[in-house]
Amino acid sequence: MLETVRGVLYPVLPLRDIVVFPHMIVPLFVGREKSVRALEDVMKDDKQILLVTQKNAAQDDPATSDIYTVGTVGTVLQLLKLPDGTVKVLVEGGQRARITRFSDNELFFQAFAETVGENAGEQQETEALARTVVSQFEQYIKLNKKIPPEVLVSINQIEEPSKLADTVAAHLTLKIPEKQELLEAAAVSERLEKVFGYMEGEIGVLQVEKRIRNRVKRQMEKTQREYYLNEQLKAIQKELGEGEDGKDEMAELEDRINKTKFSKEAHDKAVAELKKLRSMSPMSAEATVVRNYLDWLLSVPWQNRTKIKRDIKGAEKVLDADHFGLEKVKERILEYLAVQQRIKKMKGPILCLVGAPGVGKTSLGKSVARATGRNFVRMSLGGVRDEAEIRGHRRTYIGSMPGKILQGMKKAKSSNPLFLLDEVDKLGADWRGDPSSALLEVLDPEQNGTFNDHYFEVDYDLSDVMFVTTANTLRIPQPLLDRMEIIRIPGYTEDEKVEIARRHLIAKQMSAHGIRKNEWSISDDAVRDVIRYYTREAGVRNLEREIANLTRKAIKDILMNKTERVAITRRNLEKYAGVRKFRFGEAESEDLVGVTTGLAWTEVGGELLTIEAVTVPGKGRVTATGKLGDVMKESVQAAESFVKSRSYLFGIRPAVFEKKDIHVHVPEGATPKDGPSAGVAMVTSIVSVLSGIPVKRDIAMTGEITLRGRVLPIGGLKEKLLAALRGGLKTVLIPKENEKDLAEIPDNVKRGLKIIPVKTVDELLGQALAAPLTPIAWSEDGDPEPVVPAQKEERSGVVTH
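Residues numbered from 1 in each chain as written. Predicted model: local features only at pLDDT ≥ 70, side-chain atom pairs only at ≥ 80, totals over all residues. Heavy atoms only, no water.

## Considering the overall build of the protein chain
Consideration 1: Helix and strand content of the protein chain: 26 helices and 27 strands.
Consideration 2: What you see for the protein chain is a C-alpha radius of gyration of 56 Å, clearly larger than the 28 Å of a compact globule of 801 residues, by over 25%.
Consideration 3: For the protein chain, the C-alpha atoms occupy an extent of roughly 185 × 75 × 55 Å along the three principal directions.
Consideration 4: Counting only residues that meet the buried cut, the protein chain has 46% of its 801 residues in that class.
Consideration 5: Long-range pairs, those at least 24 residues apart, make up 73% of the contacts in the protein chain with a sequence separation of at least 6. (Helix = DSSP H or I, 4+ residues; strand = E, 2+ residues; numbered from the N terminus. Rg over C-alpha atoms; globule rule 2.2 N^0.38 Å. Buried < 20%, exposed > 50% of the residue type's maximum accessible area, 1.4 Å probe, protein only. Contact = heavy atoms within 4.5 Å.)

Encoded structure:
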């Protein structure tokens, strides 16, 4: 090597993207011609080479000004020429050297350089820095996975601070200018401090990287686990035959939500619940609850209306074909349809059909649904005593469900069905709540547009629903009754029952029992006798049973005796139907003293009520028996006081009341009897037994009395008149104020009975007793005076004869 005053002449190898520090052994790939020629020159004389980094790594042909002035003098350990012309060389860094001047060699870079001495600095400070750098480097290696752990072993073996600083600097991930700065630093302490500072900053970055890497790794593990489990689930489903091509459940739910015509509130709720479901584990209990809720929300019809039939004549034909009679109910339905023809939307009416069992209330609901083109759904309220049955359970409870109202709407599959609430008077109430109060919102046309079920928690519109309720009695809470339109179905006349049997019941039972038309028949007279002697009811349920009994007997006769045809007439009726169960005709065979026929209303229709009175020796007490309720007991007391106050006008001596007890009895003692309509019959029986004048056997009466002798109006007139007609009575005495109700009584009932309105008890007694009463005058000392001839006089505002 040529030595000059200003340094040694070295071949120069410009490096693109690496800084070679002293004591480093680095493999280099050399491809540029100048660099290859420089290496060849070195190998000729076994010289050393100056390794200097160029400022811009992208330059292929750098000038001398593009190369840093400080580099490392290196020794070539190994040189290998590759087939593509490049040279692989292994060099070892020696001392630092600073270029003083480049020579004019055009074949390759050559420069004069002088070595840079080491400034050791204060020994203790340098050793302290060296230790700190080693411990920091240990932490750096733990975080930087690119550096092999063996490096730490070699670092720990280095005792020289200068070599330590260079070795650590060589392994740091730094930019070229930063590494060049470390190479150019002459003072060892300065180099150690800079290395420590770079490591400190790098460790901070690496720690953040580690946290990110761990987080990504955890997420990846979770995703991989879920993917693995889902693939397992698909494989299991495939093995079970459920198929793997099924649509994703969440996507299917979302699709159903988008297609369903919700209200805005319900749509927002469904979307929120689906979002909640997506974030849950599919196997969690809460996910099952949300999924069930969404299923209910999607299965209830929100705006799926059926087309309402507005053909009034067609509806009339349907109602007449299904039911005979019931004119008032049919008229109300036709009125509703007529109004619907004029307006587009009418709030569904709340009809309440009240009548005895078997009069066709439930089947009438089906006919109305058919006539109006609505879907039909029925809910029985008999025995329901839990408020949640109507309004649903809260979703917090296990096994919670919507109430029967929304369950019925799901079954109806339309938002405007006919909803029949059967037996609304049989609702119970206990500690679970009062279902009749829960029904208030359902049956109020002003409120049911926003019915809120506890399970759904969103408003549901019930205003399009046509509610029809049925009841045997009006023993319904007043607030609930106030929301319904009451239509009474009092029962059928004998002629109506014959017609119903001929049109519906006979054909129905023949079909049910497999009898052909040519095998069995029954005459109208036989049907009438079945009605008179084998049934006593307002409806036709028992009549249907008796017809079913006759068909069964006929089938047995046909199969056992090989009879071709069984024709039932009035003559052979008893052979098939058995002994007569009821007596039809006059209530009594003769006029009797103290025996009066009253009329009573019961849940199964009207009934005849026989009231008997006898006198026995005693002190003037009145005893009443026959399982009477409080109202009827009070009627007996009122009748007793009235008769005593008017005894002389009835031809009864007051002294009789001091010597005789009166016993009033209403037979059938096992049957509870109560109600304010037997007062006139009580008075008639007491007056008859005290005066000895019989009561006409073919007269029935109904009405309550006052102590002044007025006859008060009663309810259930049609049922009572039907009972009188069934019992074969000819005359019925009714209160004068009930005369207006005769307009609703069928004409055949009015033709079959002589109905006499009476205003006072005196008028009634004049009609009911077989002979007129003879008034007597009575002196103050108790001696009888001659009989006062009958005369018209006015006492206490009552006209007497």
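## Looking at the confidence of the model for the protein chain
Consideration 1: Mean pLDDT over the protein chain: 82, with 93% of residues reaching 70 or higher.
Consideration 2: Note on residues 1-5: pLDDT is under 50 here. Beyond four places in sequence and across chains, it has nine contacts.
Consideration 3: Below pLDDT 50 for its whole length, residues 785-801 participates in 31 contacts with residues either more than four positions away or in separate chains. (pLDDT = per-residue confidence, 0-100.)

## Things to note about unusual backbone geometry
Consideration 1: The backbone of Lys 413 sits at a positive phi, close to 65°, despite the residue not being glycine.
Consideration 2: Within the secondary structure, Lys 413 is located in the loop between helix 14 (404-412) and strand 10 (418-422).
Consideration 3: According to the relative accessible area criterion, Lys 413 is exposed, its value standing at 68%.
Consideration 4: Here the phi dihedral of Lys 562 falls at roughly 55°; this positive angle occurs in a residue that is not glycine.
Consideration 5: Examined against the element boundaries, Lys 562 turns out to sit in the loop between helix 19 (541-561) and strand 16 (566-568).
Consideration 6: Given a relative accessible area of 69%, Lys 562 falls into the exposed group.

## Focus: the packing of aromatic side chains
Consideration 1: Under the defined criterion, the tally for this structure stands at nine aromatic pairs.
Consideration 2: A ring pair is formed by Tyr 455 and Phe 456, whose centres lie 6.2 Å apart and whose planes are at 55°; its orientation type is tilted. One exposure class covers both Tyr 455 and Phe 456, and it is buried.
Consideration 3: An aromatic cluster is defined as three or more aromatic residues linked by ring pairs; in this entry it consists of Phe 262, Tyr 293, Trp 302, Tyr 455, Phe 456 and Tyr 460.
Consideration 4: A cation over an aromatic ring shows up here: Lys 34 above the ring of Phe 109, its NZ or CZ 4.7 Å from the ring centre. (Phe/Tyr/Trp six-rings, centres within 6.5 Å; stacked < 30°, edge-to-face > 60°. Lys NZ or Arg CZ within 6 Å of the ring centre and 35° of its normal.)

## Here's the deal with helix 7 (residues 249-259)
Consideration 1: Among the residues making up helix 7, those that are buried are Met 250, Leu 253 and Ile 257. The buried residues of helix 7 occupy one face: seen down the axis, they fall within an arc of 65°. For helix 7, exposure combined with an orientation more than 90 degrees from the buried face picks out Asn 258 and Lys 259.
Consideration 2: Packing partners of the buried residues in helix 7 comprise helix 8 (264-278) and helix 9 (285-299). (Arc of directions from axis to C-beta.)

## Focus on the side chain of Glu 544
Consideration 1: Relative to the helices and strands, Glu 544 is located in helix 19.
Consideration 2: Look past the residues within four positions of Glu 544 in its chain and what remains in contact with it is Leu 505, Lys 508 and Gln 509.

## A few points about a nonpolar patch on the surface
Consideration 1: A surface patch of nonpolar side chains, amounting to about 330 Å² of accessible area, comprises Val 208, Ile 212, Val 216 and Met 220.
Consideration 2: Mapped onto the secondary structure, Met 220 falls in helix 6 (residues 188-239).
Consideration 3: Classification of Met 220 as partly exposed rests on a relative accessible area of 45%. (Patch = residues over 30% accessible without salt bridge, like charges linked within 9 Å, V, L, I, M, F, W, Y side chains within 5 Å. Areas by Shrake-Rupley, 256 points an atom, 1.4 Å probe, with all protein chains shown as cover. Salt bridge = Lys/Arg side-chain N within 4 Å of Asp/Glu carboxyl O.)

## So, the packing of helix 8 against helix 9
Consideration 1: Helix 9 packs onto helix 8 with a crossing angle of 150° between their chain directions and a minimal axis gap of 10 Å. The angle between helix 8 and helix 9 places the two elements in the roughly antiparallel class. In this structure, helix 8 crosses over helix 9, and the sense of that crossing is left-handed. Contacts from Ala 266, Lys 269, Ala 270, Glu 273, Leu 274, Lys 276 and Leu 277 of helix 8 reach helix 9 at Ala 287, Val 290, Arg 291, Tyr 293, Leu 294 and Leu 297.
Consideration 2: The residue makeup of the contact of helix 8 with helix 9, split by class, is nine nonpolar, no polar and four charged. (Axes fitted to C-alpha atoms, helices over the stretch in contact; angles between N-to-C directions. Parallel < 35°, antiparallel > 145°, perpendicular 65-115°, else oblique. Left-handed = near helix turned anticlockwise from the far one by under 90°. Nonpolar A, V, L, I, M, F, W, Y, C, P; charged D, E, K, R; others polar.)

## A look at the sheet that holds strand 8 (residues 350-355)
Consideration 1: One open sheet accounts for five strands, arranged 9-10-13-8-14; its pairing is parallel. What marks the edges here is a single partner per strand, and that holds for strand 9 (376-380) and strand 14 (485-489). Mean inter-strand twist for the sheet, computed between neighbouring axes without regard to direction, equals 20°.
Consideration 2: One ladder, built from four bridges, connects strand 10 with strand 13 (residues 466-471); its direction is parallel. Bridge assignment links Phe 419 to a residue of strand 13, and that residue is Phe 467.
Consideration 3: The strands that helix 11 (residues 327-342) touches are strand 8, strand 13 and strand 14; relative to strand 14, the one it contacts most, it runs at about 145°.
Consideration 4: Taken strand by strand, helix 12 (residues 361-372) contacts strand 8, strand 9, strand 10, strand 13 and strand 14, and its axis lies near 175° from that of strand 10. (Pairing = 2+ DSSP bridges.)

## Some remarks on helix 2 (residues 123-143)
What sets the pattern is the α-helix's 3.6 residues per turn: residues three or four places apart point alike.
Consideration 1: Its 21 residues place the ends of helix 2 30 Å apart at the C-alpha level, agreeing with the 30 Å of an ideal helix rising 1.5 Å per residue.
Consideration 2: Turning to helix 2, its buried residues number three or more, namely Thr 126, Leu 129, Ala 130, Val 133, Val 134, Gln 136, Phe 137, Tyr 140, Ile 141 and Leu 143. (Expected span 1.5 Å × (residues − 1).)

## Here's the deal with the environment of Thr 535
Consideration 1: By the element assignment, Thr 535 lies in the loop between helix 18 (524-533) and helix 19.
Consideration 2: Sequence-wise, Thr 535 and Arg 580 are 45 residues apart; in three dimensions their C-alpha atoms are separated by 9.3 Å.
Consideration 3: The residues contacting Thr 535, other than those within four sequence positions of it, are Val 530, Asn 542, Leu 543, Glu 546 and Phe 582.

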